[in-house]
Every structure is written in C-alpha cells, then in structure tokens.
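One letter stands for each residue in the lines below.
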Amino acid sequence: GAGAGASVAATGKANDELAPLFFVPGHAGFYAPRPARETPYRITWFRNIGRLIGTALLNGDIFPLSLCRHVYKFLLGRRVGWHDLAFFDPTLYESLRLLLLCQPEDLVETGLTFELSLRAEMGGGRVELMPGGATVIVNIENVHKYVELTAHYLMVECVREPLNALKRGLNDALPASSFSGLTAEDLRLLLNGCPTVDLTMLRDCTIFVNETNNAAGLETTRKWFWDIVEKFSSAQKQDLLFFWTSSPGLPATAAGFTARPTIVLRPASDTALPTANTCVCRLSIPLYSSKSIMRKKLQLAILTKDYGFV
C-alpha cells in the first residue's frame, strides 16, 4: 500500500488503552477510529463493534454511529484514495489540494518534508511517511506521492489494526460476498439511514390507534401532531424519532422498519406526558385539549432523552 513504508519517528499514538475508540476528525457527527496503543483489549472492542454493525445490517436496524467515508470503503474492501480525506479532514484536504497547484519554486519554499506532525487526538508527535522522510524535501516531482502518503497514513496506516478488527467483526456476522456491488454511500444509507427525517415517508408509514371513545379526537390529534412536527427543527425531529423508535434516523426505505411506527391516542389528560415503547415503535399521546398543550408536552418529552420512561 501507499503507506507500507511509513516509519515512526515518534509513536504518534496515545499510550492509554482506555482512550476513546473513536473521534471526530472533521465534519461534526462523523467518526473514525482513534489511534492509541493497540492492545488486545482495544482490538477486541473494535471487533465487537464490527459485529454490532453486522448485526444491525442483518436485522435492518439503524446503527447510531455515523462513520467517515473511508471507514465504509475499508469495510467494503474498496481502495481508500486521497480524495476521501475531504470527508475525514476537510481543512487538511483543502491545504493539500492547494499544495498540488503550487509552482515549483513556491513548493520548495514551504520547507515541507515527508514527515507529519500529528494532532493531539491522533497521539501527537511526528511521523515519517517513509524511511528517512524527515530529510526528504517535498518538490514538484514527489508532491503527489507526499499527498497520497499523508492521506493514506492518517486514514488507514495509523489505525490499520482497528480497521482490520472492525472488518473481521463485520464479516463474523456477514460474509464479504454480501457487500458485492455496494458503494460507501450505499453502506452508509443501509447502516445509518436517512440523515434527515423524511416526514412524507414517516407520515405514510405511521399507524394511528384510538384507545378512547372519541373518534373526532383521533382526527384532531392526527392533524395537530403532523402540524407540530412539520414546524420542528431538524434536531427536534431527530429527538422525537429517537424518543419514539430509539433511532435518530429513518431507514433508507419503508421496508426497513422493524415495526410500523404507531401513535396510540390515550384518554384525555392535560398533565400527562407522551410515552414511548421503542421496541415496537409505539408513541402514546393523551388526548390534549389544545394544540399548544400537545406541542409543549411533546417538546418536554423529547428533551428528556430517556425514551419510554417519562
């Protein structure tokens, strides 16, 4: 591989085996394995997470951890290229892109060598991208190699063991042949669902059940509920979905629901909060006397982040 010759001038890895397994290298909400001392304890954790990913795919469940694009590509056995760095560290990607556009004299003036200074989350220290890299000046002839080695080291080489463990765990649950033809985007969609809450799909899939003797109240509640949810922010919609189904995202298609989302209209009460049974995607709402009361109660319920027990 591109980084096979990388040598370490300073370990560049945290010594604490209890350090977090993942970190956010760039875009908020997208995670990558965090470099650390790769003890059997940590590698086992990564393999177990891979098994959880495979189990989620088998059961059609949403996996709550969104991974960087290169991680999905590695799990699929696809080549990780330097352009994948745009999804890992967009700031560094832009810097390297501009580096490739430099004139020869400007490139030499940067004083860059084949050695990296690692950020604190990646263990700090300095790492040579090739033997003797600290003394190899980046110039117009080798700048493409420098960019490729940099990207490959940061995304793959420094966390190769954790990535391999994730892949082994995934293949413990599903054979590699199951992913034939899938792209990284396909896998992300299957695993993490839609990044935004598709209200049209949610509305079409939701069943209403009336546990009162008030037929008109059911229709009023149905209208109020969708009116309120349509005006929720994206974060509030995700919070509601999490409270209701234990997942902040919808499956890629309606067929991905393990249970049809259900709203149960309960007897009238302006003091009781909505409750949820996430195992069967069941949201119970009392018959409220006004839309404003329903809005306040829903907002209060989803703020608890403690589904089913409010």
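What counts and what doesn't
Residues numbered from 1 in each chain as written. Predicted model: local features only at pLDDT ≥ 70, side-chain atom pairs only at ≥ 80, totals over all residues. Heavy atoms only, no water. Helix = DSSP H or I, 4+ residues; strand = E, 2+ residues; numbered from the N terminus. Buried < 20%, exposed > 50% of the residue type's maximum accessible area, 1.4 Å probe, protein only. Contact = heavy atoms within 4.5 Å. Areas by Shrake-Rupley, 256 points an atom, 1.4 Å probe, with all protein chains shown as cover. Lys, Arg positive; Asp, Glu negative; His and termini not counted. Charge placed at Lys NZ, Arg CZ, Asp CG, Glu CD. Axes fitted to C-alpha atoms, helices over the stretch in contact; angles between N-to-C directions. Parallel < 35°, antiparallel > 145°, perpendicular 65-115°, else oblique. Left-handed = near helix turned anticlockwise from the far one by under 90°. Phe/Tyr/Trp six-rings, centres within 6.5 Å; stacked < 30°, edge-to-face > 60°.

Colleague: Just checking my understanding: could you explain the overall build of the protein chain for this structure?
Modeller: Assigned secondary structure in the protein chain consists of eleven helices and eight strands. Judged by the C-alpha coordinates and their principal axes, the protein chain covers about 80 × 40 × 40 Å. Residues counted as buried form 44% of the 310 residues belonging to the protein chain. Across the protein chain, every contact between residues at least 6 apart in sequence was considered, and the portion connecting residues at least 24 apart equals 66%. Only carbon and sulfur atoms are counted for the fraction: they give 56% of the accessible area of the protein chain, which is about 14800 Å². The average position of the 31 basic charges and that of the 29 acidic charges among the side chains of the protein chain differ by 8 Å.

Colleague: So what exactly am I meant to see when it comes to the packing of helix 9 (residues 215-230) against helix 11 (residues 291-303) here?
Modeller: When two helices pack together, their arrangement is given by the angle between the helix axes and the distance between those axes. Relative orientation of the contacting elements helix 9 and helix 11 amounts to 55 degrees, with a least axis distance of 10 Å. In terms of their interaxial angle, helix 9 and helix 11 are classed as oblique. When the axes of helix 9 and helix 11 are compared, the crossing they make is right-handed. Here helix 9 contributes T221, W224, F225, D227 and I228 to the contact with helix 11, which in turn contributes K291, M294, R295 and L298.

Colleague: Which parts of the structure should I look at to understand the packing of aromatic side chains?
Modeller: Between two aromatic rings, the relevant description is the distance of the centres plus the angle of the planes. Using the criterion set out here, one finds eight aromatic pairs in the structure. With a centroid separation of 5.5 Å and 70 degrees between ring planes, the pair formed by F22 and F46 is classed as edge-to-face. Note that F22 is positioned in strand 1 (residues 22-23) and F46 in helix 1 (residues 40-59), a separation of 24 residues in sequence. When the ring of F225 is compared with that of W226, the centres are 4.9 Å apart and the planes differ by 75 degrees; the resulting orientation is edge-to-face. Looking at W226, the relative accessible area reads 5%, which means it is buried.

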